[in-house]
Amino acid sequence: MTRPADLIDALNGTFGRHKGYRASHAKGFAVQGRFIPLSEAPEVAIPALRTELPIAARFSVGGGKPNMSDKSPSVRGIGLTIGDADLNWSMALISAPVFFANSAEQFRAFLAARVPDSELGGPNLEKVKAFNAAHPNTVPHQEFLKTTPPCLCYSTEAYHSGHAYQFETPIGTISARIFLDPEAGRVGLTDDEKANLSDDFLYDTFLQKLGAEVARWTLKLVVANPGDDLQDPTTPWQGTHSEISLGTVQIEQADTSEAGQTRVFDPTHMPKGVMAPQDNIFALRSPAYAVSAARRAD
Ligand code: HEM
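Residues numbered from 1 in each chain as written. Predicted model: local features only at pLDDT ≥ 70, side-chain atom pairs only at ≥ 80, totals over all residues. Heavy atoms only, no water.

*Asks:* Any chance you could explain the site of the ligand here in plain terms?
*Replies:* Residues in contact with the ligand amount to 27 residues; listed here are only the nearest, Arg22, Arg58, Tyr289, Ser292 and Arg296. The separation between a nitrogen atom of the ligand and a polar side-chain atom of Tyr289 is 2.7 Å. Interatomic distance of 2.6 Å between a side-chain N/O atom of Arg296 and an oxygen atom of the ligand. Looking at which element gives the most residues to the shell around the ligand, the answer is helix H8 (residues 282-296), with seven residues. Across the shell around the ligand, the residue classes break down as 15 nonpolar, eight polar and four charged. (Near = heavy atom within 4 Å. Polar contact = N/O pair within 3.5 Å; in protein donor to acceptor, adjacent residues only side chain to side chain. Helix = DSSP H or I, 4+ residues; strand = E, 2+ residues; numbered from the N terminus. Nonpolar A, V, L, I, M, F, W, Y, C, P; charged D, E, K, R; others polar.)

Below you can see the structure in the form of structure tokens.
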């Protein structure tokens, strides 16, 4: 059986262990803002989201290396806590619509196939190919990253849960994936920008934006159609889906406090009306994030 520490060992095995940093999404920075509910009550009954609430968030580049390039073809992430200590909804979402693994074993095998080879100076592509052939469900995540240029700014990125949560509504329980839809639209880097920007451009670009205006996303639920896979966050949902907007996530300023830098976004913190995804990955996250947080000090 996989222990939470085994998952962190797998991340450290591929990316190295870096004191003071998260085992995954090591490079990032904290921000603050507000959640602004819709003026009309949304169709979904999440009582916690009916008032304006503080937001603590962190934007990040996927992977466990603190010096990852902001141009690297990995995911971008947002850790988001809506509310305060008494009542909060925490989530950590990524720019790919689906995740790269659907079980603890697959998470470890995915990373093991990418451990840098000392002679090649990077992952052994034969091992990656063999992993992909044996685990075709993990390919849509990789295909998305291959075909989607990294974002120009964290504010021009869309973020997804992969997991299907359940939500209580007046018409019964619905299943939905979470989607943060950027007001500015999704904008990827052009080849020129890739060539000319520094490897650390994302912080400056975002702070420049916040100097002039706020950054906004609509927090949406993408409602599952009959037949959509609710148990596998690696499986894309095909076709059109109805969406329910819950309100606006508005990011206003950088947060350079110690609390901002070290905050853990534990996705098991959910308000009344939101219920945990029923897949084989979700329950692994909270204990794994706790091990990562404890190891940051070592
Ligand atoms: C077995 C499943 C997973 C494991 C073991 C795992 C592991 C981790 C770890 C160790 C961290 C750093 C935690 C910390 O030190 O605070 C992290 C952060 C993060 N993870 Fe996961 N993860 C998993 C699944 C997911 C999924 C499904 C998503 C989204 C679709 C996701 C998105 C993120 C994001 C956005 C962050 C950065 C949060 C921050 O800024 O602190 N992870 N993950």
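*Asks:* Would you mind going over the coordination of the iron atom of the ligand with me for this structure?
*Replies:* When a metal holds four donors in a tetrahedron, each ideal angle between them is 109.5 degrees; when it holds six in an octahedron, the ideal angles are 90 or 180 degrees. No protein donor other than Tyr289 (OH) coordinates the iron atom of the ligand, and that contact is at 2.1 Å. Relative to the helices and strands, Tyr289 resides in helix H8. (Donors = N, O, S within 2.8 Å, 3.2 Å for Na, K, Ca; no water.)

*Asks:* Got a minute to help me understand the pairing of strand S5 (residues 159-169) in this structure?
*Replies:* Every other side chain in a regular strand lies on the same face of the sheet, so the side chains alternate between the two faces. Within S5, nine of the 11 residues are buried, which leaves the element mostly enclosed by the surrounding structure. Alignment of S5 against strand S6 (residues 172-182), held across eight bridges, turns out to be antiparallel. The residue bridging Phe167 from the neighbouring strand is Ile174, located in S6. Hairpin connection, S5 to S6: the antiparallel pair is bridged by two residues. Bridge count for S5 against strand S9 (residues 274-275) is two bridges, and the pairing is antiparallel. Bridge assignment links Phe167 to a residue of S9, and that residue is Val274. (Buried < 20%, exposed > 50% of the residue type's maximum accessible area, 1.4 Å probe, protein only. Pairing = 2+ DSSP bridges.)

*Asks:* I'm lost on the nonpolar core in this one. Help?
*Replies:* A general tendency of soluble globular proteins is for nonpolar side chains to be buried together. Counting 44 residues, the largest nonpolar core has Phe59, Trp89, Phe167, Phe206 and Ile251 as its most contacted members. One finds Ile8, Leu11, Phe15 and Phe100 within the second-largest nonpolar core, a separate group that totals 15 residues. (Core = buried A, V, L, I, M, F, W, Y, C linked by side-chain atoms within 4.5 Å.)

*Asks:* Got a minute to help me understand the packing of aromatic side chains in this structure?
*Replies:* In this description, an aromatic ring pair is defined by two values, namely the gap between the centres and the angle between the planes. Inspection of every chain in the model, using the stated rule, returns 17 aromatic pairs. Each ring, one from Phe59 and one from Tyr154, has its centre 5.0 Å from the other, and the planes form 25°; the classification is stacked. Of this pair, Phe59 sits in strand S2 (residues 53-61) while Tyr154 is found in the loop between helix H4 (139-147) and S5, placing the two residues 95 residues apart along the sequence. Overall, Tyr154 belongs to the buried group, its relative accessible area being 2%. (Phe/Tyr/Trp six-rings, centres within 6.5 Å; stacked < 30°, edge-to-face > 60°.)

*Asks:* Hey, could you run me through the environment of Asn132 in this one?
*Replies:* Tracing the sequence through the fold places Asn132 in helix H3 (residues 125-134). The exposure class of Asn132 is buried, given its relative accessible area of 18%. Put simply, Asn132 and Ala113 are 19 residues apart on the chain and 9.4 Å apart in space, counted from C-alpha to C-alpha. There is a polar contact of 2.9 Å between the side chain of Asn132 and the side chain of Gln142.

*Asks:* Explanation requested: H4 in the structure shown.
*Replies:* Structurally, the α-helix is built with 3.6 residues per turn, so residues lying three or four positions apart point the same way. Buried within H4 we find His141, Gln142 and Leu145. Taken around the axis of H4, the buried residues stretch over an arc of 95°, which confines them to a single face. Exposed residues pointing more than 90 degrees away from the buried face of H4 are listed as Lys146 and Thr147. The inward-facing, buried residues of H4 abut strand S4 (88-94), helix H2 (104-112) and H3. (Arc of directions from axis to C-beta. Contact = heavy atoms within 4.5 Å.)

*Asks:* What am I meant to see in the pattern of salt bridges here?
*Replies:* Opposite charge on two side chains permits pairing when their charged atoms draw close. The full count for this structure, using the stated rule, is 15 salt bridges. Put simply, Lys146 and Glu143 hold a salt bridge, and the shortest N to O gap is 3.5 Å. In this pair, Lys146 and Glu143 both sit in helix H4, three residues apart, roughly one turn of the helix. For Lys146, a relative accessible area of 65% translates into the label exposed. Glu143 gets classed as partly exposed once you look at its relative accessible area, which sits at 36%. One continuous salt-bridge network, built from bridges that share partners, spans Lys27, Asp70 and Asp200. (Salt bridge = Lys/Arg side-chain N within 4 Å of Asp/Glu carboxyl O.)

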